[in-house]
Amino acid sequence: MPQHTEVHRASDTSRLPNPLGGVRQFWTWRGSRIAYVERAAEPGAASGPMVFVHSIHAAAWSAEWRNTMPAMHGQHCFALDLLGFGASDRPAVRYTAQLYLELLHDFLVEVVGAPALLVGSSLGGTYAIALAADYPHLVRGVVAIGPGGVSRLIHQGGAAFGIIETLFRAPALGRVFFDALVSRPSIRFFLKGIYAHGLDETAEALYWLSANQPNARYAPAAFVGMQLNWDIRERIAHVACPLLIAWGAEASQTPYKESAQIRARAPHAEFATFPSGDLPHEEAAEQFVAVLKAFAARTIAAA
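Counting starts from 1 at the beginning of each chain's written sequence and moves along it residue by residue. Under the rules for a predicted model, residues below a pLDDT of 70 receive no local features and side-chain atom pairs below 80 are neither given nor counted, while totals for whole chains, interfaces and linings still include all residues. Calculated side-chain values reflect all of the structure's heavy atoms, with hydrogen atoms and water omitted.

Student: Would you mind going over the overall build of the protein with me for this structure?
Tutor: Within the protein one finds 10 helices and 9 strands. Here the globule rule is a power law, 2.2 Å times the number of residues to the power 0.38, and the radius of gyration is based on C-alpha atoms. For 303 residues, the compact-globule formula gives about 19 Å, and the C-alpha radius of gyration of the protein, at 18 Å, lands near that figure. Its C-alpha atoms put the protein at 55 × 45 × 35 Å along the principal axes. Whether a residue is buried, partly exposed or exposed follows from its accessible area with a 1.4 Å probe, protein chains only, as a fraction of its type maximum: under 20%, in between, or over 50%, in that order. In the protein, which comprises 303 residues, the share counted as buried stands at 53%. A run of H or I in DSSP counts as a helix once it spans at least four residues, and a run of E counts as a strand once it spans at least two, with each numbered from the N terminus.

This is the structure in structure tokens:
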């Protein structure tokens, strides 16, 4: 646990826009600023807090919730940028899955301050499931979108992947590699693979902005080096709170057929399938929000 943390409403000096509405704030964690957007609940709303955890890739950040979080009227919502992404600081530390689990744990304790419904995408969903299994008093429900840690993204990288990570972190050569990875054409190519029904140009612009901030390569280097993977094959069976697994029927990064492995390990979980690629909360936002609202209401009733 960090020795000195603070939550403050500093002026937003980020170079990134805030497409989520609400107020961007900053929490100091282990000497670094963690950015998050908070949308207050409407007076009298019978709802607990909801925390959105973005996916992880070279251009990842909380902007992927731009079609979801603003639609959650009346809910008290938080969406943070993980350390090394978005408007959060990007120090040259060693990034690991354990680091992010500790960050999320402390965020729930120190910023959110009440049992939360976690909504996570890809590895963000993996971490949400792990937290629910390990800290059930902090989590009242989980929505995991195409989570890793069961069918893929299980094992952390060995020596060969460590070399790749080191290359991406290198002062000169690493910047050359990373700049090529997050060029406009590269980001467009990546997004075309995860959007099943055409590229969203606004998303392309938002992802490009985040990926081209100073020191943006350090956290993605750990992802390429397979240091952010986390095995939840055993944990997922022990999640006691309500659990919803959401999947795009045309997902490519984590194909829909792999959901069968989660069904086998977590028969207690609810499943929802959407006509989309890997980001149903982007491509099928209206349907996703309807399912999320209904699930959130059930978690409140069950609390």
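Student: What is the right way to read helix H1 (residues 97–112) from this model?
Tutor: For a helix, the expected span equals 1.5 Å multiplied by the number of residues minus one. An ideal rise of 1.5 Å per residue puts 22 Å on 16 residues; H1 measures up with 21 Å between its terminal C-alpha atoms. Judged by how many residues are buried, H1 sits mostly within the fold: 12 of 16 residues are covered. Ala97, Leu99, Tyr100, Leu101, Leu103, Leu104, His105, Asp106, Phe107, Leu108, Val111 and Val112 are the residues of H1 that are buried.

Student: Teacher, can you tell me more about a nonpolar patch on the surface here?
Tutor: Patches here are clusters of residues that have more than 30% relative accessible area and form no salt bridge, with a 9 Å joining cutoff for like charges and a 5 Å cutoff for nonpolar side chains (Val, Leu, Ile, Met, Phe, Trp, Tyr). Each accessible area value is a Shrake-Rupley result obtained with a 1.4 Å probe; residue values ignore everything except the protein chains displayed when judging cover. Salt bridge, as applied in this entry: a Lys or Arg side-chain nitrogen positioned within 4 Å of an Asp or Glu carboxyl oxygen. Judged by side-chain polarity, Ile163, Leu167, Leu173, Val176 and Phe177 come together as a nonpolar surface patch covering roughly 450 Å² of accessible area. Of all the secondary-structure elements, those providing two or more residues to the nonpolar patch are helix H3 (159–169) and helix H4 (173–181). Ranked by the residues each element gives to the nonpolar patch, the list is headed by H4, at 3 residues. Considering the arrangement of structural elements, one finds leucine 167 in helix H3. In this structure leucine 167 comes out as partly exposed when scored by relative accessible area, which is 35%.

Student: What exactly am I supposed to notice about the packing of aromatic side chains here?
Tutor: Describing an aromatic ring pair means giving the distance of the ring centres and the angle of the ring planes. The criterion for an aromatic pair is that two Phe, Tyr or Trp rings (for Trp, the six-membered ring) have centres within 6.5 Å, with stacked assigned to planes under 30 degrees apart, edge-to-face to planes over 60 apart and tilted to the rest. Tallied over the entire structure, the rule returns 9 aromatic pairs. With a centroid separation of 6.3 Å and 35° between ring planes, the pair formed by tryptophan 27 and tryptophan 29 is classed as tilted. Ring geometry for tyrosine 95 and tyrosine 100: centres 6.2 Å apart, planes at 35°, overall tilted. Each member of the aromatic cluster is reached from another via a ring pair, and the members are Trp27, Trp29, Tyr36, Phe78 and Phe107. The criterion for a charge sitting over a ring is simple: Lys NZ or Arg CZ within 6 Å of the ring centre, and within 35 degrees of the ring normal. Across the ring face of phenylalanine 26, the terminal group of arginine 33 is positioned such that the distance to the ring centre comes to 3.8 Å. Here the basic side chain of arginine 184 rests over the ring of tryptophan 208, its NZ or CZ set 4.7 Å away from the ring centre.

Student: What's the story with the packing of H1 against helix H2 (residues 123–134) in this structure? I'm lost.
Tutor: For any two helices packed against each other, the geometry comes down to the angle between their axes and how far apart the axes lie. Note on definitions: angles span 0 to 180 degrees between N-to-C directions of axes, and those axes are lines fitted to C-alpha atoms, for helices only across the stretch in contact. Where H1 meets H2, the closest approach of the two axes is 10 Å, and the angle between their N-to-C directions is 65°. Handedness of the H1/H2 crossing: right-handed. Together, Ala97, Tyr100, Leu101, Leu104 and His105 of H1 and Tyr127, Ala130 and Leu131 of H2 make up the contact between the two elements. Each residue gets one of three labels, nonpolar for Ala, Val, Leu, Ile, Met, Phe, Trp, Tyr, Cys and Pro, charged for Asp, Glu, Lys and Arg, and polar for the others, Gly among them. Of the residues contributing to the contact of H1 with H2, the split by class is 7 nonpolar, 1 polar and no charged. Helix crossings are classified by the rotation of the near helix relative to the far one: an anticlockwise turn of less than a right angle makes the crossing left-handed, while a clockwise turn makes it right-handed. The contact criterion used throughout is that any non-hydrogen atoms of two residues lie within 4.5 Å.

Student: Even after reading the chapter, I still don't get the pairing of strand S5 (residues 76–80), so can you show me in this structure?
Tutor: Two faces belong to every sheet, and in a regular strand the side chains alternate between them. Burial runs high along S5: 4 of the 5 residues are buried. In the sheet, strand S4 (residues 49–53) pairs with S5 via 5 bridges, with the strands oriented parallel. The partner of methionine 50 across the bridge, within S5, is cysteine 77. Here, strands pair whenever DSSP counts at least two bridges between them.

Student: Help me understand the side chain of serine 276, please; the structure alone is not making it clear to me.
Tutor: As for its placement among the helices and strands, serine 276 is situated in the loop between strand S9 (270–274) and helix H9 (280–283). Judged by relative accessible area, serine 276 falls into the buried class, the value being 0%. Beyond its immediate chain neighbours, meaning those up to four positions away, serine 276 contacts Ala196, His197, Gly248, Ala249, Glu250, Ala251, Glu283 and Ala284.

Student: Can you help me understand the nonpolar core in this one?
Tutor: In a soluble, globular protein the nonpolar side chains are often hidden away together inside. For this analysis, a nonpolar core means a set of buried residues of the types Ala, Val, Leu, Ile, Met, Phe, Trp, Tyr and Cys, connected via side-chain atoms within 4.5 Å. Membership of the largest hydrophobic core comes to 54 residues, with the highest contact counts inside it found for Val51, Tyr100 and Tyr127. Counting residues per element, this core draws most heavily on H1, which supplies 10 residues. The residues contacting tyrosine 127, other than those within four sequence positions of it, are Ile56, Ala97, Tyr100, Leu101, Leu104, Leu228 and Trp230.

Student: How do you make sense of the packing of helix H5 (residues 184–194) against helix H6 (residues 201–211) when you look at a structure like this?
Tutor: Running from N to C, H5 and H6 cross one another at 125°; their axes reach a closest spacing of 10 Å. When the axis of H5 is compared with that of H6, the two are oblique. H5 and H6 meet at a crossing whose hand is right-handed. Where H5 approaches H6, its residues Arg184, Ile187, Arg188 and Leu191 are matched on the opposing element by Ala203, Glu204, Ala205, Tyr207, Trp208 and Ala211. Oblique is the label for every angle not falling under 35 degrees (roughly parallel), over 145 degrees (roughly antiparallel), or within 65 to 115 degrees (roughly perpendicular).

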